Amino acid sequence: MSTTTTNEQTKLNVLMVGTGEYTTGYVGGKGADSDKSAGVVALTMFDLRRRNKVSRVGMVGVNGTKFPGIRNHMQKCIGDVYDDMDLRCDTYPSDESVDPKAYLTAIETYKRGDVAVIFTPDDTHYEIALACIQKGLHVMVTKPICQTLKEHLSLSAAAKQAGVLVGVEVHKRLDPFYADARDRAAGLGDFQYLYAYMSQPKHQLETFKAWAGKSSDISYYLNSHHVDWSEWTLEGIARPVRVTSTSSTGVAKNKGMDTEDSITLTVQWENLKTKNLGCAVYTSSWVAPKADVHSQQRFFYMGSTGEVTVDQAHRGCTVAVDNQSFASVNPLFMKYTPTNGKFSGQQSYGVRSFENFMDACSEVNAGRKSVGEYNDGSIASVDTTLKGTAILEAGRRSLDADGQPMDIVYGEDSEPTGIEPHVF
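The structure presented is a predicted model; accordingly, all values stated were derived computationally and were not measured.

Let's talk about the sheet that holds strand β5 (residues 90–92)
Strands in a sheet are paired, the pairing made by backbone hydrogen bonds, and the direction either parallel or antiparallel. On the basis of which strands lie adjacent, the open sheet formed by six strands has the order β5-β4-β1-β6-β7-β8 and parallel pairing. Two strands in the sheet have a free side with no partner beyond their single neighbour: β5 and β8 (166–169). The mean inter-strand angle of the sheet, taken between neighbouring strand axes irrespective of direction, is 20 degrees. Bridging between strand β4 (residues 54–60) and β5 involves three bridges; their strand directions are parallel.

Below, the structure written as structure tokens:
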């Protein structure tokens, strides 16, 4: 067998499921009015192909009539901006058709050991991920991996049966500020208190109007970031035991969307060794005013012997350009500006999140590592993210029950097994 053939066999084939803002940067027939107008997923996969880690790239959506516009957009924002980018991409369904189940057709053209990257509305994650797992594909799903603990446990069981790697795309784990805060928190004693806030401007409601309040909410969409950071940080230190949720309303409803503007989750954590209690407050909103950043992101963490504060939105880098809004930019997330004509954002944590997962899939395919070895925290695996899903589901159930607290029930393996209304 030739070296060329061997190299081609070790490259990964990738199916991107979802065609929206995070995948392509294309929303509503034009480039997204956000900090991701060039997309993240497709750009990363094309660059991984340029660097000989990926071979075939595919993309599947629901409405095939969008693909001509998406191709033009990717050519303008990727092909015309960066040298040596091969934008060939198999697309499903055809340009003339609409098919909500097109992903089933697409995955039949892939083989065991290939990779699916799912960025679709939250309520579709479970069904699509399960189909990909059963096909033998490794799967990365945007947060939240699914909306209920029952679905999460089902995906975990399916992944074990299929022997595939399943992870959650939570790039904040690779943000150097957040990663350093996590490591510092480990030496700050018992968990005491956390306040986390994340928002997006109200014009994003137009981006998400197809599903906002119908199939998901702002807590699943944004609180999931800091909930995951807490689960990752407090692994072996504390566990969430109770969730109470409150909300604010008005702006979205005035736009004809029956959904909350902001959602706050108050989560009681129990320190494992001392049984002392800690409290975390997670607030997310999609009705913020347009500001110098697309997304406000910050948190304050306090342990029994110290505290850490991180403002993710302001890294000390600002840009002012004629006829454009003043901006606080974060190239640590995505560096879109080319260097000598080439994409040079490989060290950005938005890219590394995908590349790390792809590298892990290659290691599993080659037999150098087992799927279970990635439960060590290096990947946000399906087996190590159950508490986050439990918090998010409990928060939704608390809201639906007019603020009634929800208790998280644990099994003998110290992982969540269910959620029950709290009895006073």
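Quick look at the sheet that holds strand β9 (residues 191–201)
Across the sheet, which stays open at both edges, the eight strands sit in the order β14-β13-β9-β12-β11-β10-β17-β18 with mixed pairing between neighbours. A strand with exactly one partner marks an edge of an open sheet, and here the two such strands are β14 (306–311) and β18 (416–421). The average angle at which neighbouring strand axes cross in this sheet is 15 degrees, direction not considered. Bridging between strand β10 (residues 238–248) and strand β11 (residues 262–271) involves ten bridges; their strand directions are antiparallel.

What to know about the nonpolar core
In this structure, L194, W269, Y282, F299 and Y301 are the most contacted members of the largest nonpolar core, which totals 49 residues. Per element, the largest residue contribution to this core is seven residues, and it comes from helix α10 (residues 218–233). Excluding anything up to four places from it in sequence, Y282 contacts L194, A196, N223, H226, V227, S230, I263, T264, L265, V267 and W269.

Some points on the environment of S94
When you line up the elements, S94 lands in the loop between β5 and α5 (102–107). Expressed as a C-alpha distance, the spacing of S94 and L392, which sit 298 residues apart in the sequence, is 36 Å. Contact partners of S94, with chain neighbours within four places excluded, come to G64 and T65. Among the polar contacts listed, one links the side chain of S94 to the side chain of S97, at a separation of 2.9 Å.

As for the pattern of salt bridges
Scanning the model with the defined rule gives 30 salt bridges in all. Close ionic contact of D90 with R56 constitutes a salt bridge, the shortest N to O distance being 2.8 Å. One end of the pair, D90, is in strand β5; the other, R56, is in strand β4, with 34 residues separating them in the sequence. Of the charged contacts in the structure, one is a salt bridge between D383 and K160, with a shortest N-O distance of 2.8 Å. Of this pair, D383 sits in the loop between α12 (349–365) and α13 (386–400) while K160 is found in helix α7 (residues 149–162), placing the two residues 223 residues apart along the sequence. A relative accessible area of 56% means that K160 is categorised as exposed. Linked by salt bridges that have partners in common, D47, R50, R51, K53, E355 and D359 make up one network.

Parameters at a glance
Residues numbered from 1 in each chain as written. Predicted model: local features only at pLDDT ≥ 70, side-chain atom pairs only at ≥ 80, totals over all residues. Heavy atoms only, no water. Pairing = 2+ DSSP bridges. Helix = DSSP H or I, 4+ residues; strand = E, 2+ residues; numbered from the N terminus. Axes fitted to C-alpha atoms, helices over the stretch in contact; angles between N-to-C directions. Core = buried A, V, L, I, M, F, W, Y, C linked by side-chain atoms within 4.5 Å. Buried < 20%, exposed > 50% of the residue type's maximum accessible area, 1.4 Å probe, protein only. Contact = heavy atoms within 4.5 Å. Polar contact = N/O pair within 3.5 Å; in protein donor to acceptor, adjacent residues only side chain to side chain. Salt bridge = Lys/Arg side-chain N within 4 Å of Asp/Glu carboxyl O.

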